[in-house]
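Analysis of the macromolecular model
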Amino acid sequence: REGKLTPETRDLTEELVQKQTPGSAERLIDRLFGEAARLDGELAGEVPQPQAEEHAIKLWNWAVTKHVGSAITEEQRAKVRHVACRLAYAYETKDLSEGAIRRQILMAIKTGRTWLDSRKPTLADTFFSLAVKSLEVLYSRLTARGDAKSDLNIPKTDVEKDLFRVLSYQAESAVAQGSNQEAVSCMQRCRDMLHRLPKESGYLSLMCYNFGVDTYKLKKFEESSFWLSQSYDIGKMDRKYSPGPAVQAKVLRLLATVYFEWDCQLYQEKALNAVTLANKENVHPAGLYLQVRILLKSGAPDEHLKVAVTELIDADVPLEVCLNTAKLLMAEDREALGFDFLKRVCKHHEASPEVGSALVLHIELLLQRGKELLGKQKIEDVITGHYTGRQLSPPTLDHFQLLLWDRASKNFESRNYSEALQWYNYSLSFYSAGQMDSNLAKLQRNRASCFLHLQQLDKKAKEALKEAERCEPDSIFTQFSVYKIAVLESNTDKAIEAVNAMGKQAENPVRNEDGLLVAENAASNLLCLAAQMALEKEQQDVAMKALECLCEHPRDSGQNFTALRCLVRLVLSKMGTTSEGKSNRDTNLDRLQSYLKMGTTALQKVSQANPGSNLSSEKTREAANWFRKIAWNAALQCENYPDRMRDFFVLSYRLSQFCPADKAILIGQKTCLLMAAAACLELGRTPESSEQAEKLTQALEHIDICWEVWKTLKASGDFSKDPTDTLLLLYEFEARAKLSDPNVETVLESVLQLPQIEAKTLEIIASLAMEPPAHFPSLCKKALRIALSLHKKSPSLDVSRCSQCLHSLIQLSLPTGLLEVEPRLLEEVWGYYEEALFIIGVAQGEFPEVEILWLLTRAWNTGILLYSLGQFPEAEKWCGLGMSFLRHLGSLQESYQTQMSGLYAEVLDRLDRVKRNVIDDE
């Protein structure tokens, strides 16, 4: 049937080959690859050869050119080749030329290989099968041609080579898919072809070796041993084309390793045979070392092992291999053989510059086996050699130093300080005089610590520390060592100086020191140790300085809170002493306040970064509650110092904000704010103070916050008997009145709206309204009038307080000069006098006699003032009012009766004369 190439395939091919851009290549390749499925199905055998061949070659050549420079990936190249090859096979093959068939074979093999390299073996298998079929077709044609044999040999050989290559690829694909039996079958066919293709034996041997490596990595020891055996057997079939003795030995060493790891007891003989044969093929350190391993694992006697290790020395293998062998012997409890071997190695390599590594290993193994005396002798030999021209290489010396330090550290930890010092002295022997090195500084610090524990403080410890300061003066560990000596000598100034230096150095990352501390918390841990040491020596000032430095550079929240608690307890213990003077008390209070502020800041940081904190919320709340109580108690102790009392109550409030807002905490917050506001008002009562306005404003701020807390608290229960509303309004009234705030009248209105207002509250309001610098007489009188009204309504009349209210009202209202006499004011005051007369009448002698006399005098004086102004009727009225109080006087009535009656008669007489003169004039 006639057919044609699909337009999609044709167009995509043209676009990819001629018009594609770097960004479109991947998309076009994927679409072409999708079209390839149709070539396998509905269009199989229908595409005309010229169309298919043309596009197949275009795609193939494009993939070749794009592969140069890696313009496309290996998988994309495989997809393009896949489509090209499918196009090459998309037409009938019975009339194809040999050249077209060869092209099909080439394309199928290379496409399969590309898929195999892309780790898609199942896709590769399809094309390898196509290649085999085409090779069979080509071979049958060549055979059927019947030409001279000499002409046929070359093409048929080429076909066999291609078939050999395809079979090897199929074997590789089978191994990749885990089909070992199929791989063996393909390999066997290849092996059968080697008598005609002897040059391929090397290739096939290496292929089997690679299969052995792959299966070994997968722990498929049986399959691996088969492939490695095949590799060796094939490699020795034809020495001319063999991979060579080195490769053959490598194959055998791996084969021995496979038997060794598979089951050394079961395959001991095979493993030994393989490695022995490997060493015969090509002596290699790895083979000799493997031989020792196998002998050890199989439990061979020392005699056999001695022969094996002697071969190592005779073969002059690298020193490192010998050292690894010695370690292996010691690990397998062949101690005598191991030490004997090490001696022989050291003697054999004594001229080598690397012999020091063998000496160091010998010492290390002696120490591990408890042969410390022998080890120390060897160390002294190494030290002697160091100064006689047989110095250790830098890497070996570093390793040796670590060995010495590790030994010293273990003795130090077990409190064997003299032994630890000896090991540190060994290390010191390798440093030259005047050398500058951070490790030398660390070494001298460690030596100083040993001297301190050995109580050799005066000279040796200080000399070691002096050297440490010379090498590394800016190290926090050096300063800590200085600090320790200063504390032991009770040198407070020197200790504090060292602590300050430690505090500065704590700002930078600290390296770990002998595993003593956790590196990221080294500085804070050192400061804690410093504080602990000072406390043990009863040097509180030094301890407090260390703790303060710790709090300034916190690395851990829990540690920070612990340090702050210690500081607070220390300063409280100082405040509790009877010898504490005022200056010391002030200093201690300042310190306590500073520590509580630091606690507030620390809690703030924890709350802001809670996910990164190492404190649980319960511990955070517990710390906040502890600091809150301390601030509360401190405030109560400052009753006579309102400024300090305010500050501590404010701190207590702020700290309480980090506690759960339950009823008890809310009550505490309310009380703190009330007390802080009261303290601010107390400070604001100082007359003519430059800070008066500031203090009063602070009081208003505390009052505003307290209102919010109080609203929350009231919503949680019944607080009908709580006087907080009244107190807050009184505090607010005082602050606003003294600030001359016009809103003060609004505050009074709020007071009047209280459900159970008391006369006393209004009397306080009246007093505050006129307390300098406040001056609100109208508000004062309003409050007094309402207070008087409440007194009169009371079941038991308080005559004394009524008299005080009336006194204040009259005092505020009565004119004091000629210009202030107004009928309205006189009428207002007259009303107060009538109230007074009423209460005096009701009081039945309880009204204070002094107040009655004051009322009489003020009324009389008002009448005289009016008389002087010519207001005679009013004058007579007010003088008469004054006379009306005479009868209410007690013991004073008689003396004032005579005097007042005479004066009153005189006044009346003058008033009569004035009246007559007025009539005569008319």
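These lines cover the structure that appears in this document, whether it is placed above or below. Remember, predicted model here, so these are calculated numbers, not experimental data.

Cut-offs and rules
- Residues numbered from 1 in each chain as written.
- Predicted model: local features only at pLDDT ≥ 70, side-chain atom pairs only at ≥ 80, totals over all residues.
- Heavy atoms only, no water.
- Helix = DSSP H or I, 4+ residues; strand = E, 2+ residues; numbered from the N terminus.
- Buried < 20%, exposed > 50% of the residue type's maximum accessible area, 1.4 Å probe, protein only.
- Contact = heavy atoms within 4.5 Å.
- Expected span 1.5 Å × (residues − 1).
- Polar contact = N/O pair within 3.5 Å; in protein donor to acceptor, adjacent residues only side chain to side chain.
- Core = buried A, V, L, I, M, F, W, Y, C linked by side-chain atoms within 4.5 Å.
- Salt bridge = Lys/Arg side-chain N within 4 Å of Asp/Glu carboxyl O.
- Axes fitted to C-alpha atoms, helices over the stretch in contact; angles between N-to-C directions.
- Parallel < 35°, antiparallel > 145°, perpendicular 65-115°, else oblique.
- Left-handed = near helix turned anticlockwise from the far one by under 90°.
- Nonpolar A, V, L, I, M, F, W, Y, C, P; charged D, E, K, R; others polar.

Moving on to the overall build of the protein chain. Along the backbone of the protein chain there are 41 helices and 0 strands. In the protein chain, which comprises 922 residues, the share counted as buried stands at 48%. Sequence separation of at least 24 residues holds for 65% of the intrachain contacts in the protein chain that already meet a minimum separation of 6.

Cis geometry marks the peptide bond from P772 to P773; its omega dihedral reads 5°. When you line up the elements, P773 lands in the loop between α35 (759–769) and α36 (777–793). One non-glycine residue, Q455, lies in positive phi territory at about 60°. Although it is not a glycine, S490 sits at a positive phi angle of roughly 60°. If you trace the backbone, S490 turns up in the loop between α23 (476–488) and α24 (492–505).

We now examine helix α21 (residues 438–453). In a regular helix each residue adds 1.5 Å, so 16 residues correspond to 22 Å; α21 covers 23 Å between its end C-alpha atoms and thus fits that length. Of all the 16 residues making up α21, 13 are buried; the element is thus mostly covered by neighbouring parts of the structure. The opening residue of α21, the one whose side-chain oxygen lies 2.7 Å from the backbone nitrogen of N439, is D437. A positive phi of about 60° marks Q455, the residue just after α21.

Moving on: the nonpolar core. Counting residues in hydrophobic clusters, the biggest one holds 178 residues, and the most contacted among them are F400, Y483, F733 and Y833. With 10 residues, helix α31 (residues 663–684) is the largest single contributor of residues to this core. Beyond its immediate sequence surroundings of up to four residues, Y833 is in contact with I810, L814, L855, R858, A859, W878, L881 and F885. Counting 60 residues, the second largest nonpolar core, distinct from the first, contains W115, F127, C208 and W227.

Here H807 shows up in helix α37 (residues 799–813). On a C-alpha basis, the gap between H807 and Y832 in space is 9.0 Å, while along the polypeptide they are 25 residues apart. Other than its neighbours up to four places away in sequence, H807 contacts E851 and W854.

Here the focus is the pattern of salt bridges. A full pass over the atoms with the stated rule returns 42 salt bridges. For K714, the salt bridge is made with D725, and the minimal N-O distance between the two is 3.6 Å. With K714 in helix α32 (residues 692–714) and D725 in helix α33 (residues 724–738), this pair connects stretches of sequence that are 11 residues apart. Two residues, K738 and E771, come together in a salt bridge whose shortest N-O distance is 2.6 Å. In this pair, K738 is assigned in helix α33 and E771 in the loop between α35 and α36, connecting sequence segments 33 residues apart. Assessed through its relative accessible area of 6%, K738 is described here as buried. On the basis of relative accessible area, E771 is assigned to the partly exposed category, the value being 26%. Three or more residues are tied together by salt bridges with common partners; here these are E682, R685, E734, K738 and E771.

The next thing to look at is the packing of α33 against α35. For the pair α33 and α35, interaxial distance at closest approach is 9 Å and the crossing angle is 15°. The pairing of α33 with α35 is recorded here as roughly parallel in orientation. The handedness of the crossing between α33 and α35 is right-handed. Within the contact between the two elements, α33 uses T726, L730, F733, E734 and A737 and α35 uses T761, I764, I765, L768 and A769. Split by residue class, the contact of α33 with α35 holds 7 nonpolar, 2 polar and 1 charged.

The geometry of helix α28 (residues 582–608) relative to helix α30 (residues 642–656) is characterised by a closest axis approach of 10 Å and an angle of 20° between their N-to-C directions. In terms of their interaxial angle, α28 and α30 are classed as roughly parallel. Relative to α30, α28 is oriented so that their crossing is left-handed. Between α28 and α30, the contacting residues are D586, L589, D590, L592, Q593, L596, K597, G599, T600 and L603 on the first element and R644, D647, F648, L651, R654 and L655 on the second.

Before going further, it helps to examine α32. With 23 residues, α32 extends 32 Å between its outermost C-alpha atoms, agreeing within 8% with the 33 Å of an ideal straight helix rising 1.5 Å per residue. Along α32, the positions that sit buried rather than exposed are Q692, K695, L696, A699, L700, H702, I703, C706, W707, V709, W710 and L713. Buried residues belonging to α32 abut α30, α31 and α33.

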